[in-house]
Amino acid sequence: MDSRTKGIGRQTLIIAAASFMLIAAAVGAGAFGGASVDDLQDGALSAQGSYLAPAGPAFSIWSLIYLGLIAYTVWQALPAQRQDARQQAVGGWIAASMVLNGLWLVTARYLTLWLTVVVIALLLAVLARVIVVLGRFPARNLADRILTDGANGLHFGWVTIATVANTAAWLTQIAPQSWAQAADAWAIAVLVVVLVIGAAAAWVTGRIAPALATAWGLAWLAVGRLTGEPESTPTAITAIIVAVLLVVAGVVAVLRRSRAAHNSSETAR
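Caption draft 1: Up close: the environment of tyrosine 72. When you line up the elements, tyrosine 72 lands in helix 2 (residues 61-76). For the pair tyrosine 72 and isoleucine 15, spaced 57 residues apart in sequence, the C-alpha to C-alpha distance is 9.8 Å. Excluding residues within four positions of it along the chain, tyrosine 72 makes contact with Ile14, Gln87, Val90, Gly91, Ile94, Met98, Leu147 and Thr148.

Quick look at the structure:
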C-alpha cells in the first residue's frame, strides 16, 4: 500500500471515529431521550458524586473540546495533510481516543460504573500516547499547533481530571464507610499525582493546553468542595494550589520550547 493510499485511509478513519464520537455523545447525553449524565449511575457521576468531582459548570469545557476535535478532523482531511509524517504517526491514536470518548458515554448510560472507569482509564492512556507522539514531532505551522496540539491537549488535560473524578465516584460507591474518615488525605494525595501528570505533559509537549484544561477542572473541583456536598476545605485548597502550579508549569514549558526553537534557528544561521 503506497503512502498516498495509507494517508487517505488514515483520514477516513479519523472522520469515521469523529462521527461515532458525536453520535455516541448525543445518545449518551440523552439528546434522544433519557436522563442527563448527572443522573446516570444513580447520581454517582454528578458534582456531588465524590470529593474529587468538579462542580457542574466545569463540564462546559466539553463544548470547546468537541469543537476543537471537529475542526481538527476537517483540517486533517485536507490533501495537504495526507502524507504528513506527524499526522501519520498520531492519527490512529487520535481516532482511538475519539472512539473511547464516545464509548464512555454509552457505557455510562447502558452499563455499569466500574466499566466507565475501565473505559476512561483506556482513554487517558491513549491520550497520553497522543501527547508523547506529538512531543516527538514539531508542529509544522500555526494551524497544526492549534488544531492538533491544542484540541488534543485540551482533551488530555480534561480527561486527566475526569478520570480522577470517575474513579473516585466508583470507589465512593464500593468503599467501606470507615474510609470516609481519610477522604481528605486520599483526595490530597490524588491531586498531587494529578500535578505530576500535568507537569510532565507540559514538559514533554511544551504546550499549555493540557495544563489549562486540568486547571479548569481543578478550579471547579475547589468550587464544588467549598460550596456543595461533600464539603472539604483541605481538598479545595489543594485543588487551587495544584491548578496554579499547573498553569505555571505550562507557561514555563511554553517559554522553554520557544527558547529552544530560537536557539535552534540561531544555530542554523
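Still more ground to cover, so stick around.
Caption draft 2: Region of interest: the packing of helix 4 (residues 113-136) against helix 5 (residues 142-174). Packing of helix 4 against helix 5 brings their axes to within 9 Å, and their N-to-C directions diverge by 150°. Looking at the two axes, helix 4 sits roughly antiparallel to helix 5. Crossing hand, helix 4 versus helix 5: left-handed. The residue inventory of the contact of helix 4 with helix 5, partitioned by class, reads 16 nonpolar, ten polar and one charged.

Caption draft 3: Structural view of the nonpolar core. Grouped together as the largest cluster of nonpolar side chains are 62 residues, with contacts concentrated most on Tyr72, Met98, Trp158 and Leu218. If you list the elements that add at least two residues to this core, you get helix 1 (3-28), helix 2, helix 3 (85-110), helix 4, helix 5, helix 6 (183-205), helix 7 (209-227) and helix 8 (233-268). Filtering out sequence-adjacent residues up to four positions away, methionine 98 remains in contact with Ile14, Ala17, Ala18, Met21, Leu69, Tyr72 and Thr73.

Caption draft 4: Examining unusual backbone geometry more closely. Here the amide bond leading from glutamate 229 into proline 230 is cis, since omega sits at -5°, within 30 degrees of zero. Along the polypeptide, proline 230 turns up in the loop between helix 7 and helix 8.

Caption draft 5: Highlighting the packing of helix 5 against helix 6. Orientation of helix 5 relative to helix 6, taken along the N-to-C sense of each, is 165°, at an axis distance of 11 Å. Here helix 5 is positioned roughly antiparallel relative to helix 6, judged by the angle of their axes. Seen from above, helix 5 lies across helix 6 with right-handed handedness. Where helix 5 abuts helix 6, its residues Phe156, Thr160 and Val164 lie against Val190, Val194, Ile197 and Ala201.

Caption draft 6: Representation of helix 3 in the model. Given a rise of 1.5 Å per residue, 26 residues ought to cover 38 Å, and the 39 Å separating the end C-alpha atoms of helix 3 matches this to within 8%. In helix 3, a bend of some 40° at glycine 91 exceeds every other bend along the element.

Each value, and the rule that gives it
- Residues numbered from 1 in each chain as written.
- Predicted model: local features only at pLDDT ≥ 70, side-chain atom pairs only at ≥ 80, totals over all residues.
- Heavy atoms only, no water.
- Helix = DSSP H or I, 4+ residues; strand = E, 2+ residues; numbered from the N terminus.
- Contact = heavy atoms within 4.5 Å.
- Axes fitted to C-alpha atoms, helices over the stretch in contact; angles between N-to-C directions.
- Parallel < 35°, antiparallel > 145°, perpendicular 65-115°, else oblique.
- Left-handed = near helix turned anticlockwise from the far one by under 90°.
- Nonpolar A, V, L, I, M, F, W, Y, C, P; charged D, E, K, R; others polar.
- Core = buried A, V, L, I, M, F, W, Y, C linked by side-chain atoms within 4.5 Å.
- Buried < 20%, exposed > 50% of the residue type's maximum accessible area, 1.4 Å probe, protein only.
- Expected span 1.5 Å × (residues − 1).
- Bend = angle between axes of the 7 residues up to and from the residue.

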